[in-house]
Amino acid sequence: MAESTPTLEQLAEHHEILRDDFASEWMGIRVVEIADGRAVITMDLRREMLNGFGMAHGGMIFAFADTAFALACNDMAGSEETITVASGADVTFIRSARQGQTLTATAVRRASAGRSGLYDVTITAAGENGTNGAAGEDQLIAEFRGRSRTIPQPARRLR
């Protein structure tokens, strides 16, 4: 495992939406890249993120992908008037991930019309020598498709 868990202040340097995102802080999410309609994040799988079979809990994979989705949907500086939230999402699990693996989620906007958008998030794990492919080849863990909706900014934000 690489870097230590970032603080909320460090996360907020990358994107306004992370300023009060305690879940992303707990998950140890690191921001690699953010651009309009695109985000790349990483996370190391820890023991408390596993299910009873010793593999990544599906909810952790979903939450990780959902964070990348949110970063790709929202303006980095934030907005005084609107936020973009999920109106629905689907995930397809392809392969299990294990403790100690570093996951990467890459979110990309596929379409937008008015207040609605469609985003795809690909979750991969860094490959290991001799594991289903060439040495070091990334493994596809899951595919997430999110549908977004832009809504008025709530009156009160947590701090």
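Residues numbered from 1 in each chain as written. Predicted model: local features only at pLDDT ≥ 70, side-chain atom pairs only at ≥ 80, totals over all residues. Heavy atoms only, no water.

Regarding its fold elements, the protein presents three helices and six strands. Starting at the N terminus, the α and β elements of the protein follow one another as α-α-β-β-α-β-β-β-β. Residue burial in the protein is summarised as follows: out of 159 residues, 38% are buried. In the protein, of all internal contacts separated by at least 6 residues, the share reaching a separation of at least 24 is 62%. On the protein, roughly 8,700 Å² of surface is accessible, and the fraction owed to carbon and sulfur atoms is 50%. (Helix = DSSP H or I, 4+ residues; strand = E, 2+ residues; numbered from the N terminus. Buried < 20%, exposed > 50% of the residue type's maximum accessible area, 1.4 Å probe, protein only. Contact = heavy atoms within 4.5 Å. Areas by Shrake-Rupley, 256 points an atom, 1.4 Å probe, with all protein chains shown as cover.)

Two aromatic rings, taken as a pair, are described by how far apart their centres are and by the angle between their planes. Using the criterion set out here, one finds three aromatic pairs in the structure. Look at Phe69 and Tyr119: their rings are 5.5 Å apart centre to centre, the planes differ by 65°, and that puts the pair in the edge-to-face class. Of the two residues, Phe69 is situated in helix H3 (residues 58-73) and Tyr119 in strand E5 (residues 116-125); the sequence distance between them amounts to 50 residues. Comparing Phe69 with Tyr119, the two get one shared label, buried. A network of ring pairs unites the aromatic residues Phe62, Phe69, Tyr119 and Phe144 as a single cluster. Seen from the ring of Trp26, Arg46 lies directly overhead, with NZ or CZ sitting 4.8 Å from the centre. (Phe/Tyr/Trp six-rings, centres within 6.5 Å; stacked < 30°, edge-to-face > 60°. Lys NZ or Arg CZ within 6 Å of the ring centre and 35° of its normal.)

Below, the discussion takes up the pattern of salt bridges. Side chains that differ in charge, positive against negative, can pair when their charged atoms come close. Going through the model one piece at a time under the given rule, you end up with eight salt bridges. One salt bridge in this structure joins Glu16 and Arg19, with 3.2 Å as the shortest N-O distance. In this structure, Asp120 and Arg110 form a salt bridge, with 3.0 Å as the shortest nitrogen-oxygen distance. Of the two residues, Asp120 is situated in strand E5 and Arg110 in strand E4 (residues 102-113); the sequence distance between them amounts to ten residues. Look at the salt bridges and you will find they share partners, linking Arg110, Asp120 and Arg145 into a network. (Salt bridge = Lys/Arg side-chain N within 4 Å of Asp/Glu carboxyl O.)

In this section: the nonpolar core. Residues Ile41, Met43, Phe64, Leu103, Val121, Ile123 and Ile141 are the most contacted members of the largest nonpolar core, which totals 31 residues. For this core, the secondary structure elements donating two or more residues are strand E1 (30-35), strand E2 (38-44), H3, E4, E5 and strand E6 (139-152). By residue number, the principal contributor to this core is H3, which donates nine residues. Those residues in contact with Ile123 that sit more than four places away from it in its chain are Phe64, Ala65, Leu103, Thr104, Ala105, Gln139, Leu140, Ile141, Ala142 and Phe144. (Core = buried A, V, L, I, M, F, W, Y, C linked by side-chain atoms within 4.5 Å.)

Attention shifts here to the sheet that holds E6. Strand order in the open sheet made by the six strands is E1-E2-E4-E5-E6-E3, with antiparallel pairing throughout. Edge positions in the sheet fall to E1 and strand E3 (82-93), since each has one partner strand and no second. Taken over all neighbouring pairs, the strand axes of this sheet differ in orientation by 20° on average, direction set aside. Sheet strands touched by H3: E1, E2, E3, E4, E5 and E6. Its angle to E2, the strand with the most contacts, is close to 150°. (Pairing = 2+ DSSP bridges. Axes fitted to C-alpha atoms, helices over the stretch in contact; angles between N-to-C directions.)

Structural measurements only, silent on function.
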